[in-house]
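Fold and contact review
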Amino acid sequence: MRQLSTQDNDFEQQLSALLAFETVNDAELLKTVDDIINRVRQDGDKAVLALTQQFDEHPATSMAELELSQESLAHAFAELDEDVKQALTTAASRVQSFHERQVQESWHYEDELGNRLGQKVTPLDRVGIYVPGGLASYPSSVLMNAIPAKVAGVKEIIMVVPAPAGVLNPLVLAAAYLSKVDRVFTIGGAQAVAALAYGTDTIPAVDKVTGPGNKYVAAAKRAVFGQVGIDMIAGPSEVLVYAEGESGDRADWLAMDLLSQAEHDRIAQAIFVTTSAEQLAEVALEIEKALAELPKADIARDSLQNRGALILVKDRSEGMALINRVAPEHLELSVDEPDELLADVRHAGAIFMGRHTPEAIGDYCAGPNHVLPTSGTARFSSPLGVYDFQKKSSIIYCTESGSKPLAKIADILAQNEDLEAHARSARYRSQ
């Protein structure tokens with residue numbers, strides 16, 4: 001795992017290389033995804049079934065076999081061990097409680113002319129949520145996508161989840177039941193995104209597609225944007241852990257927090273930033289110790305070697321500047337008084353405060369959403385939330401008397417934009 005210092009002559013170049021990563025601009029990838037989308041648009045169910053058989057080796061011979069019944073979801077939940085059922089239920093309750101506080105309401109006010117102006121907030125009619133399968137299954141992703149949509153008032157949620165060789169994680173199905181997902185299809189990849197965006201005889205078209213997936217899913221979401229809304233183009237998972245070598249630090253905790261991201265994927269990113277050279281060395285040692293016994297050590301090691309870094313900064317000010325430059329998906333502030341740093345953090349998807357708040361808690365049960373902006377997009381993006389499943393309409397209601405002064409203003413401005421019909425339309429109301 002590379003070790004860097006902000007005092008290195010080539011630090012800026014090394015940092016830029018470390019952060020440079022793009023998953024969906026490969027020409028061959030984009031062509032493959034475009035071909036899949038076009039097949040689904042042209043052949044609908046036939047293409048979806050064939051592609052699912054091809055890529056997932058799914059044994060289904062009809063589209064009906066790719067849809068799961070509500071009874072099967074309820075059965076999956078009922079069959080869970082009690083401790084797992086309780087953990088999932090508690091996590092769902094916490095996610096719902098947090099997101100209920102995000103609901104935006106319609107509002108209006110009356111201006112000084114007696115006109116009524118405002119905003120109407122309306123939930124989306126139907127959304128599609130993509131839940132990853134394959135190498136790993138994520139019931140937590142079901143909760144994080146479906147529950148905010150339900151809280152927002154979305155009428156229908158269509159879930160897609162790949163089932164390689166027809167195999168599904170029962171916990172994913174149980175999470176779908178608990179989250180009140182309306183329909184579940186065992187399809188994945190670009191073909192699932194295309195089906196959600198354009199619809200088939202079996203799969204209804206949605207208004208928005210949310211949820212993370214592999215590079216084919218990310219490229220497909222980018223390609224269908226405009227036909228439908230999307231939440232974001234999700235890249236590999238990432239964490240930045242910041243510490244200052246204080247007496248309460250545990251190097252083994254810090255190391256495991258980094259590894260908890262590295263084990264996600266060979267292209268996940270884990271960065272440790274510290275003001276203490278001694279602490280940097282201790283964390284490096286603890287990482288090597290932990291890798292000796294982690295089940296996914298091969299994945300984690302590749303991740304750390306390819307995209308990880310231990311970075312020494314001169315002081316807190318330099319550390320905060322580096323954090324904002326990286327704009328990490330997950331940021332851990334592992335210090336005695338994290339509130340002292342909060343005001344200086346401008347760019348981060350989620351901020352984990354103090355030593356007893358590992359990112360892993362946020363992944364599952366803290367309450368805030370774990371679908372977060374990656375690859376530096378926290379500079380301009382936010383976590384998935386209820387607001388992603390609501391849209392706004394402006395309300396403008398002019399009275400006869402209140403319209404006249406505004407119409408005169410519009411008349412003048414329209415004439416200066418050389419839009420005569422606009423000007424006359426306004427002028428008729430001002431006379």
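Structural data are supplied above this passage.
Keep in mind the model is a prediction, meaning the values are calculated, not measured. (Residues numbered from 1 in each chain as written. Predicted model: local features only at pLDDT ≥ 70, side-chain atom pairs only at ≥ 80, totals over all residues. Heavy atoms only, no water.)

So, the overall build of the protein
- If you tally the helices and strands in the protein, you get 17 helices and 15 strands.
- Looking at the protein as a whole, 48% of its 431 residues qualify as buried.
- Nonlocal contacts in the protein, meaning residues at least 24 apart in sequence, comprise 72% of its contacts between residues at least 6 apart.
- When the accessible surface of the protein is summed, it comes to about 20500 Å², and 49% of that surface belongs to carbon and sulfur atoms.
- Considering the protein, the positive charge centre built from 38 side chains and the negative charge centre built from 62 side chains are found 8 Å apart. (Helix = DSSP H or I, 4+ residues; strand = E, 2+ residues; numbered from the N terminus. Buried < 20%, exposed > 50% of the residue type's maximum accessible area, 1.4 Å probe, protein only. Contact = heavy atoms within 4.5 Å. Areas by Shrake-Rupley, 256 points an atom, 1.4 Å probe, with all protein chains shown as cover. Lys, Arg positive; Asp, Glu negative; His and termini not counted. Charge placed at Lys NZ, Arg CZ, Asp CG, Glu CD.)

Details of the layout of surface pockets
- A volume near 280 Å³ is recorded for the second largest pocket.
- Arg222, Ile233, Thr374, Ser375 and Thr377 are, among the 16 residues lining the second largest pocket, the residues nearest its centre.
- Across the lining of the second largest pocket, the residue classes tally to 8 nonpolar, 6 polar and 2 charged. (1 Å grid on protein atoms, 1.4 Å probe; cavity = no way out; pocket = protein on both sides within 12 Å on 5 of 7 lines; lining within 4 Å. Points joined across faces, edges and corners; volume = space filled by probe spheres on them. Nonpolar A, V, L, I, M, F, W, Y, C, P; charged D, E, K, R; others polar.)

Quick notes on the pattern of salt bridges
- Enumeration over the complete set of coordinates arrives at 21 salt bridges.
- Ionic pairing is found between glutamate 82 and lysine 85, a salt bridge with its closest N-O pair at 3.5 Å. Taken together, the positions of glutamate 82 and lysine 85, both in helix 5 (residues 82-100) and 3 residues apart, correspond to about one turn of that helix.
- Overall, glutamate 82 belongs to the exposed group, its relative accessible area being 57%.
- A salt bridge links aspartate 252 to arginine 250; its shortest N-O distance comes to 2.7 Å.
- Each member of the salt-bridge network shares a partner with another, and the members are Glu246, Asp249, Asp336 and Arg355. (Salt bridge = Lys/Arg side-chain N within 4 Å of Asp/Glu carboxyl O.)

What about the nonpolar core?
- Within the largest apolar cluster, 36 residues are counted, with the highest numbers of intra-cluster contacts made by Val142, Ile157, Met159, Val181 and Val184.
- Every element with two or more residues in this core is listed here: helix 4 (70-78), helix 5, strand 5 (126-130), helix 6 (139-152), strand 6 (156-160) and helix 7 (170-178).
- No other element matches helix 6, which puts 7 residues into this core.
- Excluding its chain neighbours within four sequence positions, the residues that come into contact with valine 184 are Leu66, Glu67, Leu68, Leu73, Met159, Val161 and Ala176.
- Grouped together as the second largest cluster of nonpolar side chains are 34 residues, Tyr130, Phe185, Ala197 and Val209 included. (Core = buried A, V, L, I, M, F, W, Y, C linked by side-chain atoms within 4.5 Å.)

Some remarks on the sheet that holds strand 7 (residues 183-185)
- Pairing within the open sheet is mixed, and its 6 strands lie in the order 2-7-6-5-8-9. Strand pairing shows two members of the sheet lacking a second neighbour, strand 2 (67-68) and strand 9 (229-230), which therefore form its edges.
- Note: strand 5 against strand 8 (residues 208-210), 3 bridges, orientation parallel. From the neighbouring strand, valine 127 faces strand 8, where its bridge partner is lysine 208.
- Sheet contacts for helix 8 (residues 189-198): strand 5, strand 6 and strand 8; angle to strand 5, the most-contacted strand, approximately 175°. (Pairing = 2+ DSSP bridges. Axes fitted to C-alpha atoms, helices over the stretch in contact; angles between N-to-C directions.)

Brief notes about a nonpolar patch on the surface
- Together, Leu406, Ile409, Ile412 and Leu413 make up an exposed nonpolar region whose accessible area comes to about 380 Å².
- Tracing the sequence through the fold places leucine 413 in helix 16 (residues 400-416).
- Owing to a relative accessible area of 53%, leucine 413 belongs among the exposed residues under this scheme. (Patch = residues over 30% accessible without salt bridge, like charges linked within 9 Å, V, L, I, M, F, W, Y side chains within 5 Å.)

Remarks on the environment of glycine 211
- In this fold, glycine 211 is placed in the loop between strand 8 and helix 9 (215-224).
- In this structure glycine 211 touches Tyr130, Asn145, Lys221 and Asp231, once residues within four positions along its chain are discounted.

Here's the deal with the packing of aromatic side chains
- Considering all chains together, one arrives at 2 aromatic pairs under this definition.
- With centroids separated by 5.3 Å and ring planes inclined at 35°, the aromatic side chains of phenylalanine 77 and tyrosine 177 adopt a geometry described as tilted. Within this pair, whereas phenylalanine 77 is found in helix 4, its partner tyrosine 177 is found in helix 7, the two being separated by 100 residues in sequence.
- We classify phenylalanine 77 as buried; its relative accessible area is 15%.
- Their ring planes at 15° and their centres at 6.5 Å tell us that tryptophan 107 and tyrosine 109 sit as a pair that is stacked.
- Among the residues examined, tryptophan 107 registers a relative accessible area of 44% and is labelled partly exposed. (Phe/Tyr/Trp six-rings, centres within 6.5 Å; stacked < 30°, edge-to-face > 60°.)

A closer look at empty space enclosed by the protein
- Inspection of every chain in the model, using the stated rule, returns 1 cavity of 30 Å³ or more.
- The space that makes up the largest cavity amounts to roughly 50 Å³.
- Along the walls of the largest cavity sit Asp249, Arg250, Trp253, Leu254, Asp257, Glu332, Ser334, Gly354 and Arg355, which together make up its complete lining.
- Contributing elements (two or more residues each) for the lining of the largest cavity: helix 10 (251-262) and strand 13 (330-334).
- With 3 residues, the single largest contributor to the lining of the largest cavity is helix 10.
- Considering only residue class, the lining of the largest cavity consists of 2 nonpolar, 2 polar and 5 charged.

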